[in-house]
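What follows is each chain in one-letter form.
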Amino acid sequence: MIDRRTLIAASVALAASPWANAASKRFDPAFPKGFLWGAATSGHQIEGNNVNADIWVVENVKPTIYAEKSADAANSFELWPQDLDLVKQIGLNTYRFSLEWSRIEPEEGMFSIAALDHYKRIIDGCRERGITPVVTFNHYTTPRWFAARGGWTKQDAPQLFARFCDQAARRLAEGIGYATTLNEPNLIAVLRYAALAEQLDKLLPYIRAMNEAAARAVGSEQFVTGNSISVDDVDGLTRTMIAGHKAGREAIKAVRPNLPVGVSLAIVDDQAVGRNSIRDSMRTKLYGAWLEAVRGDDFLGVQNYERHLWDAKGTVEPPPGDRNAAGGEVYPAALAGAVRHAHSVTKVPIIVTEHGVNTEDDALRARLIPAALTELKKTMDEGVPVLGYFHWSLIDNFEWLYGYKPKYGLASVDRTTFKRTLKPSAQVYGAIARRNAL
């Protein structure tokens, strides 16, 4: 049970933190009426037993780079009503979740009405609780048949994705509040060119061995997962996925023209350091094609967790301060910086579709949320149109190749009983959402 003393303690911790000065300088603490306050999840990471998905295959072959198998995950395929109740209990008005393509189209061209009805029940459950459903049509995972034919490296991939979007929209679009086509389709560029370049060079042989094992397991010549980081032609993949986003958006809009549709991108707060910084050229490399491609969208989803400092040669180590569980910098103003840059290029409204921190120290999360939202609100007061904020994530979940060790949730999950328990940071975030103000 989270009581008043917990909230007061979190407030004191924020006041004592090195971010407190930034918080004290805020101009207007009130957010616009109708602002979306939400938490986010994705299907494979919480549903469990997603056996027709590409990631399920690579989790279960040998060799694999995955630390753990997703297995039952948080059992949210069955327990989604509890997840929606958590959203309501926290005080949020919006929930972002994803459709599992592999459940809806388990075999190529065969669409499951039962699976579509499952997601319709979640959408209806949101509406019954006064929660606006924000639906991601594809959050990384693809059907195993799609991966077995080459995934997003194939030229007809956009048409196959558009067909899926059409079928899903026909059954679901009426109740959706906002839709995103793809989740972080630019992530491969961020990882390959910036965030994990050196580590990936060492890891790529093991990834390729895993993919070869997956191909053998499904009886195909290749196996390319939806979140593959072993693709050699990153620019070609980018072009294909941009085409996929546009085709998917058109398919959804054809069913319901007034449904706001966008895409979510991974955007780091890139900052220039010293003379001749390569920051601007790296921004072009990491996001340029995508930011140009989404200019006509209804909104852009921005997903931010960190900043990068760029000098003339590459990234610079950040100054001492708070660190996440992986040792990365926790910098509250990064979110506002990423949002500001994204809007300056695209000129479209922004929704923060993901923001959070991997940490076992929930007090750090409780400090980060108001500090980051303060900087975001300052950016909004400067004229940047931000429609909403979604914290990643609602519950601790399966974090891909890292398994269940990373903790991003506003609630913990018992891996045996699946009991959800809200953390103190949920109360801090919920208090802001209920007030619609800092």
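Heads up: these notes are all about the structure in this document. (Residues numbered from 1 in each chain as written. Predicted model: local features only at pLDDT ≥ 70, side-chain atom pairs only at ≥ 80, totals over all residues. Heavy atoms only, no water.)

## Observations regarding the nonpolar core
1) Next: One finds W37, L99, F137, L300 and Y389 to be the most contacted residues of the largest nonpolar core, which totals 97 residues.
2) Next: At nine residues, the largest contribution of residues to this core is made by helix α9 (residues 157–172).
3) Next: In terms of nonpolar packing, the next biggest core, distinct from the first, is built from 23 residues, V57, A73, L204 and W400 among them. (Core = buried A, V, L, I, M, F, W, Y, C linked by side-chain atoms within 4.5 Å. Buried < 20%, exposed > 50% of the residue type's maximum accessible area, 1.4 Å probe, protein only. Helix = DSSP H or I, 4+ residues; strand = E, 2+ residues; numbered from the N terminus.)

## Notes on unusual backbone geometry
1) Next: The step from K62 to P63 runs through a cis peptide bond, and the omega angle for that step is 0°.
2) Next: By secondary structure assignment, the location of P63 is in the loop between α4 (54–60) and α5 (76–90).
3) Next: A cis amide bond links W392 with the next residue in sequence, S393, at an omega value of -5°.
4) Next: You can see S393 is positioned in the loop between β11 (386–392) and β12 (411–413).
5) Next: With a phi angle near 45°, E184 is a residue other than glycine that sits in the positive phi range.

## Some thoughts on the packing of helix α12 (residues 234–255) against helix α13 (residues 279–293)
To characterise two packed helices, one gives the angle between the axes of the helices and the distance between these axes.
1) Next: Put simply, α12 and α13 touch, their axes get as near as 11 Å, and they point 25° apart. Of the possible angle classes, the one that applies to α12 and α13 is roughly parallel. For the pair α12 and α13, the crossing hand works out as right-handed. On α13, the residues that touch T238, M241, I242, H245 and K246 of α12 are A289, W290 and A293.
2) Next: A breakdown of the residues in the contact of α12 with α13 according to their chemical character gives five nonpolar, two polar and one charged. (Axes fitted to C-alpha atoms, helices over the stretch in contact; angles between N-to-C directions. Parallel < 35°, antiparallel > 145°, perpendicular 65-115°, else oblique. Left-handed = near helix turned anticlockwise from the far one by under 90°. Contact = heavy atoms within 4.5 Å. Nonpolar A, V, L, I, M, F, W, Y, C, P; charged D, E, K, R; others polar.)

## Looking at the side chain of H391
1) Next: If you trace the backbone, H391 turns up in strand β11.
2) Next: A relative accessible area of 0% places H391 in the buried class.
3) Next: Dropping the residues within four chain positions of it, H391 is found in contact with G38, A39, A40, H355, G356, R365, I369, Y408, L410 and Y429.

## Focus on helix α7 (residues 113–128)
1) Next: A rise of 1.5 Å per residue sets the reference length of α7, with its 16 residues, at 22 Å; its end C-alpha atoms lie 22 Å apart and thus fit the reference within 8%.
2) Next: Three or more residues of α7 are buried, namely A115, L116, H118, Y119, I122, I123, G125 and C126.
3) Next: Buried-residue contacts for α7 involve α5, β2 (94–98), α6 (101–104), β3 (132–138) and α9.
4) Next: The first or second residue beyond α7 is G130, which carries a positive phi of 75°. (Expected span 1.5 Å × (residues − 1).)

## With respect to the packing of aromatic side chains
1) Next: All chains considered together, the criterion is met by 21 aromatic pairs.
2) Next: Aromatic side chains W101 and F161 sit 5.7 Å apart centroid to centroid with 55° between the ring planes, which places their arrangement in the tilted category. Linking W101 in helix α6 with F161 in helix α9, this pair joins segments that are 60 residues apart in sequence. As far as burial versus exposure is concerned, W101 and F161 are alike and both buried.
3) Next: Note on Y305 and Y408: the rings are 5.9 Å apart at their centroids and 80° apart in plane angle, and the pair reads as edge-to-face. One end of the pair, Y305, is in the loop between β7 (299–304) and β8 (307–310); the other, Y408, is in the loop between β11 and β12, and 103 residues separate them in sequence.
4) Next: Y305 sits in the partly exposed class, given a relative accessible area of 27%. (Phe/Tyr/Trp six-rings, centres within 6.5 Å; stacked < 30°, edge-to-face > 60°.)

## Things to note about the packing of helix α14 (residues 334–346) against helix α15 (residues 362–381)
1) Next: Orientation of α14 relative to α15, taken along the N-to-C sense of each, is 30°, at an axis distance of 7 Å. Classed by the angle they form, the pair α14 and α15 counts as roughly parallel. From α14, L335, A336, V339 and R340 reach across to α15, where they touch E375, L376 and T379.

## Examining the sheet that holds β2
1) Next: Spatially, eight strands are ordered β1-β2-β3-β4-β5-β7-β10-β11 in a closed barrel, and the strand pairing comes out parallel. Averaged over all adjacent pairs, the angle separating strand axes in this sheet is 25°, with direction ignored.
2) Next: The pairing of strand β4 (residues 178–183) with strand β5 (residues 261–266) spans three bridges and is classified as parallel. In the strand pairing of β5, A179 is matched with V261. (Pairing = 2+ DSSP bridges.)

## Remarks on the environment of K423
1) Next: As for its placement among the helices and strands, K423 is situated in the loop between β13 (420–422) and α16 (424–435).
2) Next: With twelve residues separating them along the chain, K423 and A411 place their C-alpha atoms 5.3 Å apart.
3) Next: From its side chain, K423 meets the backbone oxygen of G409 in a polar contact 3.0 Å long. (Polar contact = N/O pair within 3.5 Å; in protein donor to acceptor, adjacent residues only side chain to side chain.)

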